[in-house]
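One letter stands for each residue in the lines below.
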Amino acid sequence: MPTFDTIDDLPADKRVLVRLDLNSPIEDGAPQDNRRFERHAETVRELADAGHRVVLMAHQGRPGRDDFTSLSGHADILTDHVGREVGFVADTYGDEALDAVDALDAGEVLLLENTRMCDDELPEESPEEKAETEFVRTLAPHFDAYVNDAYSAAHRKHASLVGFPLALPAYAGRVMETEYEANTAIATREFDGPVTMVVGGTKATDVIGVMDALDDRVDRFLLGGVAGELFLRAAGHPVGRDVAGLDLFDEQWEANRELIESVLDERGDAIRLASDLAYEGPEGERAEVAVDDIDEKETGYLDVGSATVADYEPAIRDSDAVFVKGALGVFEDERFADGTVGVLEAIAETDCFSVVGGGDTSRAIEMYGLREDDFSHVSIAGGAYIRALTGEPLPAVEVLEAAAERQ
Ligand SMILES: Nc1ncnc2c1ncn2[C@@H]1O[C@H](COP(=O)(O)OP(=O)(O)OP(=O)(O)O)[C@@H](O)[C@H]1O
Ligand SMILES: O=C(O)[C@H](O)COP(=O)(O)O
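Residues numbered from 1 in each chain as written. Chains lettered and ligands numbered in written order. Predicted model: local features only at pLDDT ≥ 70, side-chain atom pairs only at ≥ 80, totals over all residues. Heavy atoms only, no water.

So, the site of ligand 1
Move 1: The environment of ligand 1 is made up of 22 residues, and the closest members are T202, K203, E332, D360 and T361.
Move 2: Between an oxygen atom of ligand 1 and a main-chain N or O atom of T202, the distance comes to 2.8 Å.
Move 3: The separation between an oxygen atom of ligand 1 and a polar side-chain atom of E332 is 2.4 Å.
Move 4: About the coverage of ligand 1: the protein hides 92% of its 650 Å² of free accessible area.
Move 5: Partitioned by chemical class, the residues of the shell around ligand 1 number 6 nonpolar, 10 polar and 6 charged. (Near = heavy atom within 4 Å. Polar contact = N/O pair within 3.5 Å; in protein donor to acceptor, adjacent residues only side chain to side chain. Areas by Shrake-Rupley, 256 points an atom, 1.4 Å probe, with all protein chains shown as cover. Nonpolar A, V, L, I, M, F, W, Y, C, P; charged D, E, K, R; others polar.)

Structure (C-alpha coordinates):
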(Lines give C-alpha, C1' and ligand atoms only; values in the text may rest on other atoms or scores of the structure.)
(Ligands and ions follow the chains in the order given, each with its own letter.)
Protein backbone atom coordinates (compact mmCIF):
# COMPACT_ATOMS: atom_id res chain seq x y z
CA MET A 1 0.00 0.00 0.00
CA PRO A 2 1.24 3.52 -0.73
CA THR A 3 2.52 5.42 2.24
CA PHE A 4 1.91 8.89 0.83
CA ASP A 5 -0.94 11.25 1.65
CA THR A 6 -3.57 11.78 -1.05
CA ILE A 7 -5.95 14.58 -1.91
CA ASP A 8 -8.39 12.97 0.52
CA ASP A 9 -6.05 14.37 3.22
CA LEU A 10 -5.92 17.89 1.76
CA PRO A 11 -7.59 20.50 4.01
CA ALA A 12 -10.32 22.68 2.40
CA ASP A 13 -9.95 25.96 0.51
CA LYS A 14 -6.25 25.86 -0.39
CA ARG A 15 -4.00 27.36 -3.06
CA VAL A 16 -2.75 24.16 -4.66
CA LEU A 17 0.18 23.68 -7.05
CA VAL A 18 -0.38 20.50 -9.08
CA ARG A 19 2.15 18.62 -11.27
CA LEU A 20 0.53 16.77 -14.18
CA ASP A 21 2.15 14.85 -17.05
CA LEU A 22 0.59 16.16 -20.27
CA ASN A 23 3.58 15.18 -22.42
CA SER A 24 1.84 14.35 -25.71
CA PRO A 25 2.46 13.51 -29.34
CA ILE A 26 2.85 16.73 -31.35
CA GLU A 27 1.59 16.91 -34.93
CA ASP A 28 2.11 20.06 -37.02
CA GLY A 29 3.08 21.86 -33.82
CA ALA A 30 -0.17 20.95 -32.00
CA PRO A 31 -0.59 18.54 -29.07
CA GLN A 32 -2.79 15.53 -29.81
CA ASP A 33 -5.50 14.53 -27.37
CA ASN A 34 -4.70 11.31 -25.48
CA ARG A 35 -5.42 9.39 -22.27
CA ARG A 36 -3.23 11.64 -20.14
CA PHE A 37 -5.69 14.56 -20.50
CA GLU A 38 -8.73 12.41 -19.73
CA ARG A 39 -7.14 10.84 -16.65
CA HIS A 40 -5.59 13.98 -15.16
CA ALA A 41 -8.87 15.86 -15.74
CA GLU A 42 -10.40 13.81 -12.91
CA THR A 43 -7.88 15.12 -10.37
CA VAL A 44 -8.19 18.70 -11.64
CA ARG A 45 -12.01 18.60 -11.59
CA GLU A 46 -12.08 17.14 -8.11
CA LEU A 47 -9.75 19.85 -6.75
CA ALA A 48 -11.64 22.68 -8.48
CA ASP A 49 -15.04 21.31 -7.42
CA ALA A 50 -13.75 21.26 -3.83
CA GLY A 51 -13.16 25.02 -4.09
CA HIS A 52 -9.34 25.04 -4.22
CA ARG A 53 -7.42 27.54 -6.38
CA VAL A 54 -5.70 25.15 -8.78
CA VAL A 55 -2.44 25.93 -10.60
CA LEU A 56 -1.05 23.28 -12.91
CA MET A 57 2.53 22.56 -13.98
CA ALA A 58 3.46 20.16 -16.79
CA HIS A 59 6.18 19.60 -19.39
CA GLN A 60 6.18 18.93 -23.13
CA GLY A 61 9.05 17.30 -25.02
CA ARG A 62 12.71 17.87 -24.43
CA PRO A 63 14.71 21.02 -25.34
CA GLY A 64 16.20 20.57 -28.79
CA ARG A 65 13.55 18.10 -29.98
CA ASP A 66 10.66 18.92 -32.33
CA ASP A 67 8.11 18.11 -29.62
CA PHE A 68 9.42 20.84 -27.28
CA THR A 69 6.52 23.32 -27.43
CA SER A 70 4.41 25.75 -25.41
CA LEU A 71 1.50 24.34 -23.38
CA SER A 72 -1.12 26.77 -24.70
CA GLY A 73 -2.77 24.07 -26.85
CA HIS A 74 -2.72 21.68 -23.88
CA ALA A 75 -4.84 24.14 -21.87
CA ASP A 76 -7.55 24.02 -24.56
CA ILE A 77 -7.66 20.21 -24.62
CA LEU A 78 -7.71 20.04 -20.83
CA THR A 79 -10.57 22.58 -20.71
CA ASP A 80 -12.70 20.16 -22.77
CA HIS A 81 -11.92 17.23 -20.48
CA VAL A 82 -12.30 19.06 -17.16
CA GLY A 83 -15.54 20.73 -18.22
CA ARG A 84 -14.44 24.10 -16.87
CA GLU A 85 -12.02 26.67 -18.21
CA VAL A 86 -8.32 26.01 -17.76
CA GLY A 87 -6.56 29.38 -18.16
CA PHE A 88 -3.00 29.58 -19.48
CA VAL A 89 -0.09 31.91 -18.80
CA ALA A 90 3.03 31.80 -20.98
CA ASP A 91 5.42 32.02 -18.03
CA THR A 92 6.75 29.53 -15.46
CA TYR A 93 7.58 31.59 -12.35
CA GLY A 94 8.18 35.20 -13.48
CA ASP A 95 5.99 38.19 -12.56
CA GLU A 96 3.41 37.34 -15.22
CA ALA A 97 2.95 33.86 -13.77
CA LEU A 98 2.89 35.07 -10.15
CA ASP A 99 0.31 37.79 -10.93
CA ALA A 100 -1.94 35.25 -12.64
CA VAL A 101 -1.54 32.80 -9.73
CA ASP A 102 -2.38 35.46 -7.14
CA ALA A 103 -5.44 36.63 -9.10
CA LEU A 104 -7.14 33.21 -9.05
CA ASP A 105 -10.49 32.76 -7.31
CA ALA A 106 -11.74 29.64 -5.55
CA GLY A 107 -12.50 26.88 -8.08
CA GLU A 108 -10.45 28.50 -10.89
CA VAL A 109 -7.78 26.60 -12.79
CA LEU A 110 -4.60 27.95 -14.43
CA LEU A 111 -1.89 26.11 -16.41
CA LEU A 112 1.66 27.51 -16.30
CA GLU A 113 4.06 27.33 -19.27
CA ASN A 114 6.17 24.20 -20.04
CA THR A 115 8.32 23.61 -16.93
CA ARG A 116 11.23 22.54 -19.15
CA MET A 117 11.45 26.15 -20.43
CA CYS A 118 12.75 26.99 -16.97
CA ASP A 119 16.53 26.45 -16.57
CA ASP A 120 16.18 25.07 -13.03
CA GLU A 121 13.85 22.24 -14.02
CA LEU A 122 15.88 19.69 -15.92
CA PRO A 123 19.31 18.88 -14.57
CA GLU A 124 18.76 15.76 -12.45
CA GLU A 125 19.75 16.58 -8.86
CA SER A 126 18.80 15.60 -5.34
CA PRO A 127 15.44 16.81 -3.94
CA GLU A 128 17.38 19.02 -1.50
CA GLU A 129 19.23 20.75 -4.35
CA LYS A 130 16.04 21.11 -6.38
CA ALA A 131 14.21 22.62 -3.38
CA GLU A 132 16.89 25.34 -3.27
CA THR A 133 16.43 26.43 -6.90
CA GLU A 134 15.06 29.88 -7.69
CA PHE A 135 12.10 28.22 -9.44
CA VAL A 136 10.94 26.42 -6.29
CA ARG A 137 11.87 29.21 -3.86
CA THR A 138 9.96 31.79 -5.90
CA LEU A 139 6.82 29.83 -6.70
CA ALA A 140 6.26 27.79 -3.51
CA PRO A 141 5.42 30.75 -1.19
CA HIS A 142 2.35 31.46 -3.37
CA PHE A 143 0.81 28.10 -2.39
CA ASP A 144 -0.45 26.17 0.62
CA ALA A 145 0.01 22.66 -0.81
CA TYR A 146 1.58 20.67 -3.63
CA VAL A 147 -0.09 17.74 -5.41
CA ASN A 148 1.83 15.35 -7.65
CA ASP A 149 -0.33 13.53 -10.18
CA ALA A 150 2.51 12.85 -12.64
CA TYR A 151 3.26 9.18 -11.93
CA SER A 152 4.51 8.83 -15.49
CA ALA A 153 7.31 11.34 -14.84
CA ALA A 154 8.08 10.09 -11.31
CA HIS A 155 11.36 8.49 -12.45
CA ARG A 156 12.83 11.96 -13.13
CA LYS A 157 14.57 14.06 -10.46
CA HIS A 158 13.33 17.38 -11.86
CA ALA A 159 12.47 20.47 -9.79
CA SER A 160 8.71 20.33 -10.37
CA LEU A 161 8.68 16.67 -9.28
CA VAL A 162 11.09 16.41 -6.35
CA GLY A 163 11.79 20.01 -5.25
CA PHE A 164 8.32 21.27 -4.26
CA PRO A 165 7.49 18.41 -1.83
CA LEU A 166 10.30 19.71 0.40
CA ALA A 167 8.89 23.22 0.35
CA LEU A 168 5.16 22.54 0.74
CA PRO A 169 2.84 19.93 2.33
CA ALA A 170 2.65 17.30 -0.42
CA TYR A 171 -0.10 14.94 -1.61
CA ALA A 172 -0.69 12.42 -4.41
CA GLY A 173 -3.38 13.06 -7.03
CA ARG A 174 -5.78 10.37 -8.32
CA VAL A 175 -3.60 9.32 -11.26
CA MET A 176 -0.54 9.01 -9.03
CA GLU A 177 -2.57 6.85 -6.63
CA THR A 178 -4.08 4.48 -9.19
CA GLU A 179 -1.00 4.08 -11.38
CA TYR A 180 1.20 3.50 -8.33
CA GLU A 181 -1.11 0.78 -7.04
CA ALA A 182 -1.52 -0.98 -10.41
CA ASN A 183 2.15 -0.90 -11.39
CA THR A 184 3.52 -1.85 -7.99
CA ALA A 185 1.17 -4.83 -7.86
CA ILE A 186 2.47 -6.00 -11.25
CA ALA A 187 6.06 -5.98 -10.01
CA THR A 188 5.30 -8.55 -7.32
CA ARG A 189 3.03 -10.79 -9.41
CA GLU A 190 4.21 -14.31 -10.23
CA PHE A 191 3.49 -15.96 -13.59
CA ASP A 192 3.35 -19.70 -14.35
CA GLY A 193 4.24 -19.49 -18.05
CA PRO A 194 6.52 -17.41 -20.28
CA VAL A 195 6.72 -13.66 -19.73
CA THR A 196 7.22 -11.59 -22.88
CA MET A 197 8.15 -7.95 -23.23
CA VAL A 198 7.55 -5.98 -26.42
CA VAL A 199 10.14 -3.21 -26.54
CA GLY A 200 10.05 -0.29 -28.97
CA GLY A 201 9.49 3.46 -29.06
CA THR A 202 12.01 6.26 -29.24
CA LYS A 203 13.46 6.28 -25.71
CA ALA A 204 15.99 3.53 -26.29
CA THR A 205 18.22 4.66 -23.42
CA ASP A 206 15.35 4.07 -20.97
CA VAL A 207 14.29 0.67 -22.22
CA ILE A 208 17.72 -0.86 -22.71
CA GLY A 209 18.66 -0.11 -19.09
CA VAL A 210 15.43 -1.76 -17.97
CA MET A 211 15.99 -4.82 -20.20
CA ASP A 212 19.30 -5.25 -18.44
CA ALA A 213 17.74 -4.81 -14.98
CA LEU A 214 14.80 -7.17 -15.66
CA ASP A 215 17.24 -9.89 -16.48
CA ASP A 216 15.62 -13.36 -16.24
CA ARG A 217 12.23 -12.06 -15.00
CA VAL A 218 11.41 -11.74 -18.71
CA ASP A 219 11.77 -14.86 -20.87
CA ARG A 220 11.78 -13.11 -24.24
CA PHE A 221 12.00 -9.65 -25.61
CA LEU A 222 10.38 -8.82 -28.98
CA LEU A 223 12.11 -5.76 -30.36
CA GLY A 224 11.11 -2.96 -32.72
CA GLY A 225 11.22 0.84 -32.87
CA VAL A 226 14.46 2.68 -32.22
CA ALA A 227 15.76 0.18 -29.63
CA GLY A 228 15.12 -2.66 -32.10
CA GLU A 229 17.20 -0.99 -34.79
CA LEU A 230 20.03 -0.31 -32.33
CA PHE A 231 20.14 -4.02 -31.42
CA LEU A 232 20.13 -4.88 -35.13
CA ARG A 233 23.07 -2.51 -35.52
CA ALA A 234 24.90 -4.28 -32.71
CA ALA A 235 24.22 -7.56 -34.52
CA GLY A 236 26.04 -6.14 -37.57
CA HIS A 237 23.23 -4.69 -39.73
CA PRO A 238 23.67 -1.16 -41.15
CA VAL A 239 20.37 0.26 -39.88
CA GLY A 240 19.32 3.12 -37.58
CA ARG A 241 19.50 6.15 -39.85
CA ASP A 242 18.35 9.47 -38.42
CA VAL A 243 15.90 11.41 -40.54
CA ALA A 244 16.28 15.21 -40.75
CA GLY A 245 15.81 17.10 -37.49
CA LEU A 246 15.83 14.06 -35.20
CA ASP A 247 18.69 12.51 -33.32
CA LEU A 248 17.16 9.27 -32.17
CA PHE A 249 19.71 6.75 -33.32
CA ASP A 250 23.33 7.94 -33.35
CA GLU A 251 23.21 9.70 -29.99
CA GLN A 252 21.51 6.76 -28.23
CA TRP A 253 23.85 4.34 -29.97
CA GLU A 254 26.89 6.13 -28.60
CA ALA A 255 25.33 6.26 -25.11
CA ASN A 256 24.29 2.58 -25.02
CA ARG A 257 26.55 0.69 -27.37
CA GLU A 258 28.41 -1.21 -24.66
CA LEU A 259 25.26 -2.06 -22.74
CA ILE A 260 23.47 -3.25 -25.89
CA GLU A 261 26.42 -5.46 -26.78
CA SER A 262 26.55 -6.94 -23.31
CA VAL A 263 22.75 -7.51 -23.12
CA LEU A 264 22.91 -9.15 -26.56
CA ASP A 265 25.81 -11.27 -25.43
CA GLU A 266 24.21 -12.40 -22.15
CA ARG A 267 20.54 -12.62 -23.16
CA GLY A 268 20.90 -13.17 -26.92
CA ASP A 269 18.76 -16.32 -26.83
CA ALA A 270 15.89 -14.35 -25.23
CA ILE A 271 16.06 -11.43 -27.66
CA ARG A 272 14.13 -11.55 -30.94
CA LEU A 273 15.02 -8.97 -33.54
CA ALA A 274 13.09 -7.90 -36.63
CA SER A 275 13.76 -10.00 -39.71
CA ASP A 276 12.34 -7.29 -42.00
CA LEU A 277 11.73 -3.56 -41.83
CA ALA A 278 9.38 -1.09 -43.53
CA TYR A 279 10.27 2.24 -45.13
CA GLU A 280 8.75 4.89 -47.38
CA GLY A 281 9.03 3.77 -51.01
CA PRO A 282 9.58 6.02 -54.05
CA GLU A 283 5.85 6.70 -54.52
CA GLY A 284 5.30 7.38 -50.84
CA GLU A 285 4.02 3.82 -50.35
CA ARG A 286 4.98 1.36 -47.58
CA ALA A 287 7.82 -0.83 -48.79
CA GLU A 288 9.52 -3.69 -46.94
CA VAL A 289 12.98 -5.21 -47.04
CA ALA A 290 14.51 -8.27 -45.36
CA VAL A 291 17.12 -7.22 -42.81
CA ASP A 292 19.65 -9.62 -44.37
CA ASP A 293 19.33 -7.74 -47.68
CA ILE A 294 20.23 -4.36 -46.19
CA ASP A 295 23.87 -3.64 -47.00
CA GLU A 296 24.07 0.14 -46.73
CA LYS A 297 22.87 2.59 -44.10
CA GLU A 298 20.96 4.85 -46.46
CA THR A 299 17.30 4.39 -45.53
CA GLY A 300 15.32 5.45 -42.46
CA TYR A 301 13.09 2.56 -41.28
CA LEU A 302 9.74 3.38 -39.74
CA ASP A 303 8.22 0.02 -38.80
CA VAL A 304 8.98 -3.67 -38.48
CA GLY A 305 7.90 -5.71 -41.51
CA SER A 306 5.13 -8.28 -41.98
CA ALA A 307 7.45 -11.31 -41.58
CA THR A 308 8.51 -9.95 -38.19
CA VAL A 309 4.90 -9.57 -37.04
CA ALA A 310 4.20 -13.16 -38.17
CA ASP A 311 7.24 -14.29 -36.21
CA TYR A 312 6.24 -12.36 -33.04
CA GLU A 313 2.56 -13.47 -32.97
CA PRO A 314 3.08 -17.12 -31.83
CA ALA A 315 5.43 -15.94 -29.08
CA ILE A 316 2.64 -13.70 -27.79
CA ARG A 317 -0.01 -16.41 -28.07
CA ASP A 318 1.90 -18.80 -25.86
CA SER A 319 2.78 -16.23 -23.18
CA ASP A 320 1.31 -16.05 -19.70
CA ALA A 321 2.06 -12.32 -19.48
CA VAL A 322 2.94 -9.66 -22.05
CA PHE A 323 4.25 -6.19 -21.27
CA VAL A 324 4.46 -3.53 -23.97
CA LYS A 325 6.74 -0.51 -23.74
CA GLY A 326 6.99 1.60 -26.86
CA ALA A 327 5.59 1.25 -30.35
CA LEU A 328 7.23 -0.98 -32.96
CA GLY A 329 6.88 1.73 -35.60
CA VAL A 330 5.60 5.22 -36.35
CA PHE A 331 1.98 4.10 -35.94
CA GLU A 332 0.66 7.66 -36.10
CA ASP A 333 1.17 7.27 -39.88
CA GLU A 334 -1.19 4.50 -41.04
CA ARG A 335 1.41 3.17 -43.47
CA PHE A 336 3.71 2.34 -40.56
CA ALA A 337 1.18 1.10 -38.02
CA ASP A 338 1.19 -2.60 -39.00
CA GLY A 339 3.88 -3.69 -36.53
CA THR A 340 2.40 -1.93 -33.50
CA VAL A 341 -1.21 -2.79 -34.33
CA GLY A 342 -0.41 -6.40 -35.33
CA VAL A 343 1.24 -7.04 -31.98
CA LEU A 344 -1.51 -5.26 -30.00
CA GLU A 345 -4.18 -7.29 -31.85
CA ALA A 346 -2.38 -10.52 -31.05
CA ILE A 347 -2.24 -9.56 -27.36
CA ALA A 348 -5.92 -8.50 -27.34
CA GLU A 349 -6.92 -11.92 -28.72
CA THR A 350 -5.20 -13.88 -25.94
CA ASP A 351 -6.32 -14.09 -22.34
CA CYS A 352 -2.82 -13.60 -20.93
CA PHE A 353 -2.09 -10.90 -18.36
CA SER A 354 -1.20 -7.83 -20.42
CA VAL A 355 -0.04 -4.30 -19.77
CA VAL A 356 0.38 -1.62 -22.43
CA GLY A 357 2.36 1.39 -21.23
CA GLY A 358 3.49 4.73 -22.58
CA GLY A 359 1.82 8.05 -23.27
CA ASP A 360 2.26 7.65 -27.03
CA THR A 361 1.97 3.88 -27.33
CA SER A 362 -1.30 3.59 -25.40
CA ARG A 363 -2.80 6.00 -27.94
CA ALA A 364 -2.54 3.35 -30.66
CA ILE A 365 -5.32 1.42 -28.89
CA GLU A 366 -8.13 3.83 -29.68
CA MET A 367 -6.56 5.08 -32.93
CA TYR A 368 -6.90 1.61 -34.44
CA GLY A 369 -10.21 0.54 -32.91
CA LEU A 370 -8.86 -1.82 -30.24
CA ARG A 371 -10.67 -2.08 -26.90
CA GLU A 372 -9.01 -1.07 -23.64
CA ASP A 373 -10.95 -3.91 -21.94
CA ASP A 374 -8.97 -6.47 -23.94
CA PHE A 375 -5.85 -5.56 -21.91
CA SER A 376 -5.38 -6.09 -18.18
CA HIS A 377 -4.00 -2.60 -17.64
CA VAL A 378 -3.35 0.35 -19.95
CA SER A 379 -0.87 2.64 -18.24
CA ILE A 380 -0.31 6.25 -19.25
CA ALA A 381 3.20 5.84 -17.87
CA GLY A 382 6.10 4.58 -19.96
CA GLY A 383 9.49 4.93 -18.29
CA ALA A 384 8.02 4.95 -14.77
CA TYR A 385 5.99 1.79 -15.35
CA ILE A 386 8.90 -0.23 -16.66
CA ARG A 387 11.04 0.94 -13.76
CA ALA A 388 8.28 -0.15 -11.37
CA LEU A 389 8.54 -3.62 -12.96
CA THR A 390 12.17 -3.82 -11.90
CA GLY A 391 11.30 -2.68 -8.38
CA GLU A 392 13.45 0.41 -8.87
CA PRO A 393 12.37 3.28 -6.58
CA LEU A 394 10.76 6.35 -8.18
CA PRO A 395 12.31 9.55 -6.77
CA ALA A 396 9.10 11.60 -7.00
CA VAL A 397 7.20 8.90 -5.06
CA GLU A 398 9.95 8.71 -2.43
CA VAL A 399 9.68 12.45 -1.69
CA LEU A 400 5.89 12.15 -1.34
CA GLU A 401 6.43 9.34 1.17
CA ALA A 402 8.98 11.41 3.10
CA ALA A 403 6.55 14.35 3.10
CA ALA A 404 3.80 12.14 4.57
CA GLU A 405 6.08 11.22 7.46
CA ARG A 406 6.64 14.91 8.25
CA GLN A 407 2.97 15.94 7.85
N1 LIG B 1 11.56 3.43 -36.12
C2 LIG B 1 11.07 4.51 -35.52
N3 LIG B 1 11.52 5.74 -35.82
C4 LIG B 1 11.02 6.83 -35.21
N5 LIG B 1 10.04 6.80 -34.27
C6 LIG B 1 9.55 5.60 -33.93
C7 LIG B 1 10.03 4.40 -34.53
N8 LIG B 1 9.34 3.37 -33.99
C9 LIG B 1 8.48 3.91 -33.10
N10 LIG B 1 8.58 5.24 -33.07
C11 LIG B 1 7.79 6.19 -32.24
O12 LIG B 1 7.83 5.80 -30.89
C13 LIG B 1 6.80 6.51 -30.23
C14 LIG B 1 6.40 5.84 -28.92
O15 LIG B 1 7.51 5.61 -28.15
P16 LIG B 1 8.01 6.42 -26.86
O17 LIG B 1 9.39 6.00 -26.57
O18 LIG B 1 7.70 7.88 -26.97
O19 LIG B 1 7.15 5.71 -25.82
P20 LIG B 1 5.84 6.02 -25.05
O21 LIG B 1 5.06 4.85 -25.35
O22 LIG B 1 5.17 7.29 -25.34
O23 LIG B 1 6.38 6.08 -23.59
P24 LIG B 1 6.74 7.33 -22.68
O25 LIG B 1 5.50 7.54 -21.91
O26 LIG B 1 7.93 6.85 -21.92
O27 LIG B 1 7.06 8.50 -23.58
C28 LIG B 1 5.66 6.54 -31.20
O29 LIG B 1 5.10 7.83 -31.20
C30 LIG B 1 6.31 6.17 -32.55
O31 LIG B 1 6.02 7.09 -33.58
O1 LIG C 1 6.25 10.84 -21.53
C2 LIG C 1 6.88 10.40 -20.57
O3 LIG C 1 7.25 9.23 -20.46
C4 LIG C 1 7.16 11.31 -19.41
O5 LIG C 1 6.50 12.52 -19.57
C6 LIG C 1 8.65 11.56 -19.22
O7 LIG C 1 9.17 12.26 -20.32
P8 LIG C 1 10.77 12.26 -20.54
O9 LIG C 1 11.14 10.86 -20.91
O10 LIG C 1 11.03 13.26 -21.64
O11 LIG C 1 11.39 12.68 -19.24
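Further notes follow.
Observations concerning the pairing of strand β13 (residues 286-290)
Move 1: Of the two faces of β13, the one holding A287 and V289 is buried and the one holding R286, E288 and A290 is not buried anywhere.
Move 2: As judged from the 5 bridges shared by strand β12 (residues 276-280) and β13, these two strands associate in the antiparallel manner. Along β13, the bridge assignment pairs D276 with A290.
Move 3: Adjacent in sequence and paired antiparallel, β12 and β13 are bridged by 5 residues, among which G284 carries a positive phi angle near 80 degrees. (Buried < 20%, exposed > 50% of the residue type's maximum accessible area, 1.4 Å probe, protein only. Helix = DSSP H or I, 4+ residues; strand = E, 2+ residues; numbered from the N terminus. Pairing = 2+ DSSP bridges.)

A look at the UniProt feature "binding site: ATP" (unreviewed entry) in the chain
Move 1: Under the UniProt annotation, the feature "binding site: ATP" (unreviewed entry) is placed at E332, G358, G359, D360 and T361. For the annotated residues, spread through 30 residues, the largest C-alpha to C-alpha distance comes to 14.1 Å, consistent with a single compact locus.
Move 2: Mapped onto the fold, G358 is located in the loop between β16 (353-357) and α13 (363-367).
Move 3: Setting aside residues no more than four positions away along its own chain, G358 makes contact with S379, I380, A381 and G382.
Move 4: Mapping D360 onto the fold places it in the loop between β16 and α13.
Move 5: Beyond its immediate sequence surroundings of up to four residues, D360 is in contact with S24, P25 and F331. (UniProt positions renumbered as here; feature names shortened; annotations may be inferred. Contact = heavy atoms within 4.5 Å.)

Observations regarding the site of ligand 2
Move 1: The local shell around ligand 2 consists of D21, N23, R36, H59, R62, R116, S152, R156 and K203.
Move 2: The contact in question runs from an oxygen atom of ligand 2 to an N or O atom on the side chain of N23, over 3.0 Å.
Move 3: One nitrogen or oxygen atom from the side chain of R156 is found 2.6 Å from an oxygen atom belonging to ligand 2.
Move 4: Bound to the protein, ligand 2 loses 94% of the 310 Å² it would expose on its own.
Move 5: Across the shell around ligand 2, the residue classes break down as no nonpolar, 3 polar and 6 charged.

Structural notes on the packing of helix α9 (residues 225-234) against helix α10 (residues 250-267)
Axes are the key here: two packed helices are described by the angle between their axes and the distance separating the axes.
Move 1: Running from amino to carboxyl end, α9 crosses α10 at an angle of 65 degrees, the nearest separation of the two axes being 9 Å. As for the relative orientation of α9 and α10, their crossing is right-handed in sense. Note on element contacts: α10 touches α9 through D250, Q252, W253, I260, E261, V263 and L264, opposite V226, L230, F231, R233 and A234.
Move 2: Here the contact of α9 with α10 is built from residues that sort into 8 nonpolar, 1 polar and 3 charged. (Axes fitted to C-alpha atoms, helices over the stretch in contact; angles between N-to-C directions. Left-handed = near helix turned anticlockwise from the far one by under 90°.)

Some thoughts on the sheet that holds strand β10 (residues 220-223)
Move 1: The parallel open sheet is built from 6 strands, whose spatial order is β11-β10-β9-β15-β16-β17. Among the strands making up the open sheet, the edge pair consists of β11 (271-272) and β17 (377-378).
Move 2: Strand direction decides the pairing type here: strand β9 (residues 195-199) and β10, joined by 4 bridges, are parallel. Looking across to β10, one finds that V199 is bridged to L223.
Move 3: Each of β9, β15 (321-325) and β16 is contacted by helix α14 (residues 383-390), which is oriented at about 140 degrees to β15, the strand it contacts most.

Things to note about the packing of aromatic side chains
Move 1: Inspection of every chain in the model, using the stated rule, returns 8 aromatic pairs.
Move 2: On the basis of an interplanar angle of 90 degrees and a centroid distance of 5.9 Å, the ring pair of Y279 and Y301 is categorised as edge-to-face. With Y279 in strand β12 and Y301 in the loop between β13 and β14 (303-304), this pair connects stretches of sequence that are 22 residues apart.
Move 3: What makes Y279 partly exposed here is its relative accessible area of 22%.
Move 4: Seen from their ring centres, F323 and F353 are 6.3 Å apart, and the 65 degrees between their planes marks the pair as edge-to-face. (Phe/Tyr/Trp six-rings, centres within 6.5 Å; stacked < 30°, edge-to-face > 60°.)

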